[in-house]
Amino acid sequence: MSSERDTDSDWNQLGEVDPFWAVITDERFRAEKMDKTTREAFYESGFGNIDQFHFALKHYFSAPDHFDACLDFGAGVGRLLVPMAKRANTAVGVDIAGSMRAVCQVRLDELGLSQVKLVATPKEAAEFGPFDWVNSFIVLQHIPPARGLALIADLIATVRPGGFLSLHVTTFRDAHLMSQDTAGSVRKLLRQVRASIVSAPQIGQISMFDYDLGEVLALLTRAGCPRFVLEHTDHGGHHGFMVYAQKVAG
Ligand SMILES: C[S@@+](CC[C@H](N)C(=O)[O-])C[C@H]1O[C@@H](n2cnc3c(N)ncnc32)[C@H](O)[C@@H]1O
């Protein structure tokens with residue numbers, strides 16, 4: 001049996017109980033506190049992120065103002081998917097959690113965005129591709145790297161030649177955030193033994209994982225994206241990079 005955490009179940013549970021807070025862990029976005037104004041402020045924050053990523057792709061790779069098809073991986077409740085959809089003829093949101101997709105669908109219906117599709121995996125999304133822009137922000141950090149790397153490969157495969165990627169990965173963290181995922185092997189083993197004796201892990205935990213940046217860049221290079229630009233990110237001591245890339249034209 002794999003000792004790897006079932007992060008998919010965690011996210012489905014989070015989406016059922018506290019979907020907005022799970023996306024941005026700010027107490028204002030707790031389910032019991034969400035009112036119309038707070039919900040709009042939550043969604044508004046996505047426009048700022050997408051403005052920034054789109055600006056970077058235009059600046060580094062001369063990306064266009066408007067796209068035919070876009071994909072947001074780990075779309076959650078649609079915070080980034082909606083502003084992406086407004087810059088494209090069609091858009092697809094990929095999210096493994098059915099509970100998150102359900103909240104996202106409510107938002108899409110509210111806004112009349114019937115051209116936006118929601119699916120669970122990049123492989124399912126491929127049917128609606130190829131895509132001109134594939135984005136993922138604050139998602140891969142929650143997926144164990146071995147699986148995340150395979151998902152990145154699936155995502156790159158959906159990008160049309162000449163298309164663009166903006167992918168966020170976490171790669172290191174400040175000392176106070178060292179956890180069982182990065183601790184030394186003895187501490188890790190002790191924690192695993194203690195966890196197996198005390199109780200089963202609770203579903204609904206937010207896990208963080210660091211990727212090997214070299215592996216991510218090798219994957220991009222081999223998959224036809226040998227030119228990329230990195231921008232450092234620091235989310236409360238979790239450091240990483242926005243990787244901007246363009247797939248070579250066919
Ligand atoms: C922190 S939220 C970010 C949502 C969105 N990217 C945003 O910035 O608003 C992470 C999202 O990734 C989704 N997710 C986690 N693991 C996933 C996987 N293996 N495949 C697809 N989505 C996943 C979760 O269900 C959740 O909706």
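The structure contained in this document is the topic of the report that follows. (Residues numbered from 1 in each chain as written. Predicted model: local features only at pLDDT ≥ 70, side-chain atom pairs only at ≥ 80, totals over all residues. Heavy atoms only, no water.)

1. Quick word on the site of the ligand
Item 1. In the vicinity of the ligand there are 21 residues, among which Gly74, Gly76, Arg79, Asp95 and Phe137 approach most closely.
Item 2. Within the side chain of Arg79, a nitrogen or oxygen atom sits 2.8 Å from an oxygen atom of the ligand.
Item 3. In the environment of the ligand, a nitrogen atom lies 3.3 Å from a nitrogen or oxygen atom belonging to the backbone of Ile96.
Item 4. For the ligand, whose free accessible area comes to 600 Å², the fraction covered by protein is 99%.
Item 5. Most atoms of the ligand, that is more than half of them, are within 2 Å of grid points of the second largest pocket.
Item 6. Listing elements by their share of the shell around the ligand, those giving two or more residues are helix H1 (7-17), helix H2 (19-23) and helix H7 (145-157). (Near = heavy atom within 4 Å. Polar contact = N/O pair within 3.5 Å; in protein donor to acceptor, adjacent residues only side chain to side chain. Areas by Shrake-Rupley, 256 points an atom, 1.4 Å probe, with all protein chains shown as cover. 1 Å grid on protein atoms, 1.4 Å probe; cavity = no way out; pocket = protein on both sides within 12 Å on 5 of 7 lines; lining within 4 Å. Sits in = over half its atoms within 2 Å of the grid points. Helix = DSSP H or I, 4+ residues; strand = E, 2+ residues; numbered from the N terminus.)

2. Notes on the packing of H7 against helix H9 (residues 213-222)
Item 1. With their axes 10 Å apart at the nearest point, H7 and H9 run at an angle of 25° to one another. Accordingly, the angle class assigned to the pair H7 and H9 is roughly parallel. You can see that H7 and H9 cross each other, and the crossing is right-handed. Facing H7, whose interface residues are Leu149, Ile152, Ala153 and Ile156, H9 presents Glu215, Val216, Leu219 and Leu220.
Item 2. Looking at the contact of H7 with H9 residue by residue, the classes come out as seven nonpolar, no polar and one charged. (Axes fitted to C-alpha atoms, helices over the stretch in contact; angles between N-to-C directions. Parallel < 35°, antiparallel > 145°, perpendicular 65-115°, else oblique. Left-handed = near helix turned anticlockwise from the far one by under 90°. Contact = heavy atoms within 4.5 Å. Nonpolar A, V, L, I, M, F, W, Y, C, P; charged D, E, K, R; others polar.)

3. A few points about the packing of H1 against helix H5 (residues 98-111)
Item 1. The interhelical angle for the contact between H1 and H5, taken along N-to-C directions, is 40°, at an axis separation of 6 Å. By the angle between their axes, H1 is oblique relative to H5. Contact residues: H1 offers Trp11, Asn12, Gly15 and Glu16, while H5 offers Gly98, Ser99, Met100 and Val103.
Item 2. In terms of residue class, the contact of H1 with H5 is made up of three nonpolar, four polar and one charged.

4. Quick word on the nonpolar core
Item 1. Counting 30 residues, the largest nonpolar core has Leu71, Phe73, Ile152, Leu165, Val169 and Leu220 as its most contacted members.
Item 2. Elements with a contribution of two residues or more to this core: strand E1 (67-73), strand E2 (88-94), strand E4 (131-136), H7, strand E5 (159-173), H9 and strand E7 (238-246).
Item 3. Among the nonpolar cores identified, the runner-up in size contains 27 residues, and Ile50, Phe53, Ala75 and Leu80 belong to it. (Core = buried A, V, L, I, M, F, W, Y, C linked by side-chain atoms within 4.5 Å. Buried < 20%, exposed > 50% of the residue type's maximum accessible area, 1.4 Å probe, protein only.)

5. A look at H9
Item 1. What H9 keeps buried is the set Leu213, Val216, Leu217 and Leu220. The arc that holds the buried residues of H9, viewed along the axis, is 95°, so those residues lie on one side.
Item 2. In this fold, the buried residues of H9 make contact with H7, E5, strand E6 (228-235) and E7.
Item 3. Structurally, the start of H9 carries an N-cap: the backbone nitrogen of Gly214 is 2.9 Å from a side-chain oxygen of Asp212. (Arc of directions from axis to C-beta.)

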